[in-house]
Amino acid sequence: MPKSDAVLRIAIPSPLYSSFDYLPPAGVSPNTLQPGMRLRLPFGRSQTVGILLETSFTPQIERGKLKPALELLDNEALLPAELMALLRWVSDYYHHPIGETFSTALPSALRQGEAALAKHRSLWRITNAGQEADTEALARRAKRQVDLLLRLRASHNGLTAEHLTELPRNWVDAMAALVKKGWAELEQIPALEYGNEQPEQGPELNAEQKQAVERIQQGLGMFSPFLLDGVTGSGKTEIYLRSIATTLDAGQQALVLVPEITLTPQLVERFKRRFNVPMAVLHSGLNDRERLNAWLLARSGDAKIIIGTRSAVFTPMLKPGMIIIDEEHDASFKQQSGLRYSARDLAIVRASKLDIPVILGSATPSLESLLNVEQGRYQHLSLPQRAGSAKPPRIDLMDVRHQQMEDQLSQPLQQLMQRHLDNGNQVLLFLNRRGFSPTLICHECGWVAHCRRCDTHMTLHLKKRHLRCHHCSSQRPVVQQCPDCGSPDLRPLGSGTERIETALSQHFPGVGLSRIDRDSTRNKGSLESILADINSGASRILIGTQMLAKGHHFPNVTLVGILDGDQGLFGVDFRAGERMAQLIIQVAGRAGRADKPGHVVIQTHHPDNPMLQLLCQQGYHAYAKAAQSERQLTALPPYSHMALLRAEASHSLPPENFLEQASQLAQQLGTNGVELYGPMPAVMEKRAGKYRYQLLLQAQTRAELHRLLGPWTSQLNKLPEARKVRWSLDVDPVDLI
Ligand code: ADP
Ligand code: ZN
Ligand code: ZN
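Only a predicted model underlies this, so the values are computations on that prediction, with no experimental measurement involved. Residue positions are given per chain, counted from 1 along the sequence in the order it is written. Chains and ligands are labelled by the order in which they are written, letters from A for the one and numbers from 1 for the other. For this predicted model, a pLDDT threshold of at least 70 governs which residues receive local features, and a threshold of 80 or more governs which side-chain atom pairs are given and counted, while totals over whole chains, interfaces and linings are taken from all residues. Hydrogens are left out, water is left out, and the side-chain values use all remaining heavy atoms of the structure.

**A short note on the coordination of the zinc ion (ligand 3)**
Thought 1: Only Cys-451 (SG), Cys-454 (SG), Cys-469 (SG) and Cys-472 (SG) from the protein reach the zinc ion (ligand 3) as donors, at distances of 2.2 to 2.3 Å.
Thought 2: Binding-site remark: the zinc ion (ligand 3) is held by donors from one chain whose sequence spacing is C-x2-C-x14-C-x2-C. With respect to burial, Cys-469 and Cys-472 carry one shared label: buried. Only nitrogen, oxygen and sulfur atoms qualify as donors, provided they sit within 2.8 Å of the metal or within 3.2 Å for Na, K and Ca; with water excluded from the atoms, sites may seem incomplete. A 1.4 Å probe rolled over the protein chains alone gives each residue an accessible area, and that area as a share of the maximum for its type sets the label: buried under 20%, exposed over 50%, partly exposed in between.

In structure tokens form, the structure reads like this:
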């Protein structure tokens, strides 16, 4: 068959499940086209950018109707074959349209058709002549040149503008003069982050760490998944660093996924201190151009270490050698909109396709990962003890029944706090609820401030003097009178971090306070300055939400108070207990990290709760074992597999009807082994003005579930009610609400 008959099969971002066929652009020979290149295409009445999946000779539509692509945008494949294969797998597994899957994986600049050109920046190095040049003679006439020359001599890797920010702007002229004299040379280097010129050596590893590092080394060059199961402060990060070093020595790149980088500036700094290599840090603060740049420089192999959040799992690499997922239990690895993928699960799939090791690290591994260890799918690396001299904290339940509570603070807790403060230590209080109080209530008639768009109340933010809904972000000013009865006696109901902060300043006058939550850290640099206050000792009481639980190291915190230990006991989601246990242990892990012993106190109305007792007395693993048995008995994940079909609309009938039709469709197709539950309203039936319903599918095996999902999802759009709703499928949902 002549080559000119080739048809291009293309992934285009569109809710349709299929790929689209086009003819090659005028004047472009199909021979030059490779899967993974981008093309500009006519699409409906406008244009779009798509990715070439393959060339074919059998078009999906009548040949006469095929349109030519407008333009070829790349002269080489943007996505390596490995990533193309992964994305096809993702589209199949999550039953998500191929075009949208590809588009999720690409930086937005590339989606919009921008050129795939990485940015570089100037680097100046000393030359041999510059090393030997006589500075004495120059010193009187050109002091600035001499200063620069001396700095160039002192630097191993050369200097970029970033190193010289403290100099007056005209250093540029002095540098140009040095280049002209032949004493310095100018080079263009990839615009990345660079580590220390003289990297630090890590500490001597303890026996368990050594063993872990050795086992990982034995797994290099093949698919070897590890669960690095180590208590907080046990030296897991140290293991990542050693394993990355081996990977770099082998000329390969390492990809590190973390829950949220802006929360862990300390981690990135630690990497920079240890490695003298270019790194790409993909955090949420990057603009499109910077994100593109980091992506391209990972693809070209220039970035040796790539650190990023969830979406970084799709970063192309020239020589991928290892993937690390820190805090693997963290729910933020699951995307909750659009393509609802789990970056943790995909990291495993990608590592298996690449034949490389993947390390999942956590002090509180998910029940999924623990089961994978039990079933022999992951190797278990255990670090049961803290590294160095730090001792594990003691955890106690504090019965607050019948106690007089002042803003969630029991008397005994206040006394304990005072004692730790008197000893010159810091105290950390945890409450997973921001704002002043969960809502405002009328003391006369019981009216509460409800959100008009959601089935929930609005949170009172006193400092800003407004009521805000944490689900749809709508806000309104605090009312002075009850809208129902006109009474002015409106009172805050319950406490959030803002209220505790106010209460603490009264109970502990003159003691430095810091609050860490999404409100207090909204502005750029605010988290850094709060952390600085904590580290300098200016703040001695820290109050915060789960933001406090992640990765921080506060060596002088000796007391951790968990203000509401009951929060996870009555969650509607079957994972609520697991999440709370993980949070408690993670927060507890902030205490006594240096040589001072830590004490953790959990305020509860249910001191007899067997799960809480187990957690406190025997630790996370005992808790996890019990939670596993419970899940096994009730056939919940990880002992079964779920998919959730969600639908929403401005009225409640269409979503319910749509899901009813979807359920009937499933029955027609044959549900062999799949149980259907629903349709039922979501726990919060109305959110942001939309009525939300869901249909849950559950099966003993993945195979049974996916056998139905395939044909089913491809027909959902044809259901009569489909046009009236927005629907989405969530495979392996992590929250069911
Ligand atoms: P994790 O990641 O498990 O919380 P880290 O790797 O951050 O643990 O280690 C906790 C602290 O202990 C860090 O300050 C680290 O430098 C230190 N540390 C780690 N390993 C050792 C070791 N073998 N000897 C002494 N200190 C260590
Ligand atoms: Zn009232
Ligand atoms: Zn709302």
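**As for the site of ligand 1**
Thought 1: For ligand 1, the set of nearby residues contains 16 residues, the closest of which are Glu-204, Gln-209, Lys-236, Thr-237 and Arg-270.
Thought 2: At a separation of 2.9 Å, an oxygen atom of ligand 1 approaches a polar backbone atom of Gly-233.
Thought 3: In protein, a polar contact means a hydrogen-donor-capable atom and an acceptor-capable atom, both N or O and within 3.5 Å, with residues adjacent in sequence counting only if both atoms are side-chain atoms; elsewhere, any N or O pair within 3.5 Å suffices. Separating an oxygen atom of ligand 1 from a backbone N or O atom of Ser-234 is a distance of 3.2 Å.
Thought 4: Working definition of accessibility: Shrake-Rupley area with a 1.4 Å probe, residue cover restricted to the visible protein chains. Compared with its free state, where it exposes 550 Å², ligand 1 has 74% of that area covered by protein.
Thought 5: At three residues, the largest contribution of residues to the shell around ligand 1 is made by helix α9 (residues 236-249).
Thought 6: Residue type decides the class: Asp, Glu, Lys and Arg count as charged, Ala, Val, Leu, Ile, Met, Phe, Trp, Tyr, Cys and Pro as nonpolar, and the leftover types, Gly among them, as polar. Each residue belonging to the shell around ligand 1 can be placed in one class, and the counts come to four nonpolar, seven polar and five charged. Nearness is defined per residue: one heavy atom within 4 Å of the molecule or strand is enough. Going along the chain from the N terminus, every DSSP run of H or I of four or more residues is numbered as a helix, and every run of E of two or more is numbered as a strand.

**Considering the sheet that holds strand β16 (residues 394-399)**
Thought 1: When DSSP finds two or more bridges between a pair of strands, those strands are recorded as paired. Ordered in space as β16-β28-β27-β19-β26-β25, the six strands form an open sheet in which the pairing is parallel. Each edge of the open sheet carries a strand with a single partner, namely β16 and β25 (513-516). Pairwise comparison of adjacent strand axes, ignoring direction, gives a mean angle of 20° for this sheet. Fitting a line to C-alpha atoms yields each axis, with helices limited to the stretch in contact; the angle taken between N-to-C directions then spans 0 to 180 degrees.

**Comments concerning the packing of helix α18 (residues 610-618) against helix α19 (residues 620-633)**
Thought 1: Viewed as axis vectors pointing N to C, α18 and α19 meet at an angle of 150°, and their least axial separation amounts to 6 Å. If you check the angle between α18 and α19, you find them roughly antiparallel. In contact with Met-611, Leu-614, Leu-615 and Gln-618 of α18, α19 contributes Tyr-620, Ala-622, Tyr-623, Ala-626, Ala-627 and Glu-630.
Thought 2: Partitioning the contact of α18 with α19 into residue classes produces eight nonpolar, one polar and one charged. For classification, angles of less than 35 degrees are called roughly parallel, those exceeding 145 degrees roughly antiparallel, those between 65 and 115 degrees roughly perpendicular, and all remaining angles oblique. In this analysis, two residues are considered to be in contact whenever any of their non-hydrogen atoms come within 4.5 Å of each other.

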